[in-house]
Amino acid sequence: MNQEILFAQTLEQVRKTAKEQGNCISKEQVEKAFAALNLDEEKLNMVLDYLKQHKIGIGEPVNLDDYLSEEEVDYLEGYLKQMEELPEIASGEQEAITLSAMAGDTTAQNRLTQIFLPNVVEIAKLYTGQGVLLEDLIGEGNVALAMGVTMLGALENASEAQGMLGKMIMDAMEEYIAENADEVEKDRKIADKVNKVADKANELAEDLHRKVTVEELMNETGMSRKTIVDAMRISADKIEAIQK
């Protein structure tokens, strides 16, 4: 197997292992995972630095608050203050509430949702810095949580609930990030199309010393009418070098 492919696969597996361990992994685990690649100390340190940059603690969990922007800190301050108004849970009460939620008790399901709201916040911190707002991540996680507490009936015991709910919350946030990335890429392609048409139109207009027609731009550039017209529409007819 190509060394670069093996490296990428190993790195992804290390990240997955760290995620399963609460976003933490030991240096020994990393060394063992990359043993087949015979990394020297410098390259191993580069891997460790990469993991730290992606909020994975080496030997001990990282402080996720250190990765938050000033705006995210301000948002969380207000959000967490609102959560202080939620009723506190007594020692040992969570298991009983979880069992009732598993049995379909809607009151218990609502209470369990409240209990897990802080978990949503902590999970959301893991996914900051990926082009989406922290508040949107929390919103997606809260929706997944509200759905998840109604789906616990298939579990055998209360201890499995936290793992299931945590996975559903993570999956929801990852899906949201992926959808947002697709939308950003789509927007970039649209912007590139508009800019390309505008640039070609400006070049031709300079040569002709006047605005150009769609037909002239088609003939000179080989672009289709649809491409040019779509670009004009998307830009709200702001490509000034083309005759309207």
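Because the structure is a prediction, the values reported are computed rather than measured. (Residues numbered from 1 in each chain as written. Predicted model: local features only at pLDDT ≥ 70, side-chain atom pairs only at ≥ 80, totals over all residues. Heavy atoms only, no water.)

A. View of the overall build of the protein chain. What the protein chain contains, in helices and strands, is 10 helices and two strands. Listing each helix as α and each strand as β along the protein chain from the N terminus yields α-β-α-α-β-α-α-α-α-α-α-α. For the protein chain, the C-alpha atoms occupy an extent of roughly 80 × 55 × 35 Å along the three principal directions. Going through the 244 residues of the protein chain one by one, you find that 34% of them count as buried. Restricting the contact set of the protein chain to residue pairs at least 6 apart, pairs at least 24 apart contribute 62%. For the protein chain, the exposed surface amounts to about 15100 Å²; the carbon and sulfur share of it is 50%. Of the charged side chains in the protein chain, 25 are positive and 48 negative; the average position of the first set lies 9 Å away from that of the second. (Helix = DSSP H or I, 4+ residues; strand = E, 2+ residues; numbered from the N terminus. Buried < 20%, exposed > 50% of the residue type's maximum accessible area, 1.4 Å probe, protein only. Contact = heavy atoms within 4.5 Å. Areas by Shrake-Rupley, 256 points an atom, 1.4 Å probe, with all protein chains shown as cover. Lys, Arg positive; Asp, Glu negative; His and termini not counted. Charge placed at Lys NZ, Arg CZ, Asp CG, Glu CD.)

B. Local environment of the packing of helix α4 (residues 70–83) against helix α6 (residues 106–126). Between α4 and α6, the least distance of the axes is 11 Å, while the angle of their chain directions is 165°. Taken together, α4 and α6 sit at an angle that is classed as roughly antiparallel. In this structure, the crossing between α4 and α6 has a hand that is left-handed. Two secondary-structure elements touch here, α4 through Leu76, Tyr79, Leu80 and Met83 and α6 through Leu117, Pro118, Val121 and Lys125. Tallied by class, the residues present in the contact of α4 with α6 amount to seven nonpolar, no polar and one charged. (Axes fitted to C-alpha atoms, helices over the stretch in contact; angles between N-to-C directions. Parallel < 35°, antiparallel > 145°, perpendicular 65-115°, else oblique. Left-handed = near helix turned anticlockwise from the far one by under 90°. Nonpolar A, V, L, I, M, F, W, Y, C, P; charged D, E, K, R; others polar.)

C. Fine view of the side chain of Glu72. Along the chain, Glu72 turns up in helix α4. Residue contacts for Glu72: discarding those within four places in its chain leaves Tyr67, Thr128 and Leu134.

D. Representation of the confidence of the model for the protein chain within the structure. With 99% of its residues at a pLDDT of 70 or more, the protein chain shows a mean pLDDT of 88. Element-level mean pLDDT values for the protein chain span from 82 in helix α10 (residues 225–234) up to 95 in helix α7 (residues 134–148). (pLDDT = per-residue confidence, 0-100.)

E. Focus on a negative patch on the surface. Taken together, the side chains of Glu135, Asp136, Glu140, Glu175, Glu179, Asp182 and Glu183 present a region of like negative charge at the surface. Among the secondary structure elements, those contributing two or more residues to the negative patch are α7 and α8 (159–208). A total of four residues in the negative patch trace back to one element, the largest contributor, which is α8. On the basis of relative accessibility, which here comes to 48%, the residue Glu175 falls in the partly exposed class. (Patch = residues over 30% accessible without salt bridge, like charges linked within 9 Å, V, L, I, M, F, W, Y side chains within 5 Å. Salt bridge = Lys/Arg side-chain N within 4 Å of Asp/Glu carboxyl O.)

F. Main features of the environment of Leu64. Structurally, the position occupied by Leu64 is in the loop between β2 (57–58) and α4. When its relative accessible area of 13% is taken as the criterion, Leu64 is described as buried. Those residues within four positions of Leu64 in sequence are excluded, and the remaining contacts are Lys55, Glu122, Lys125 and Leu126.

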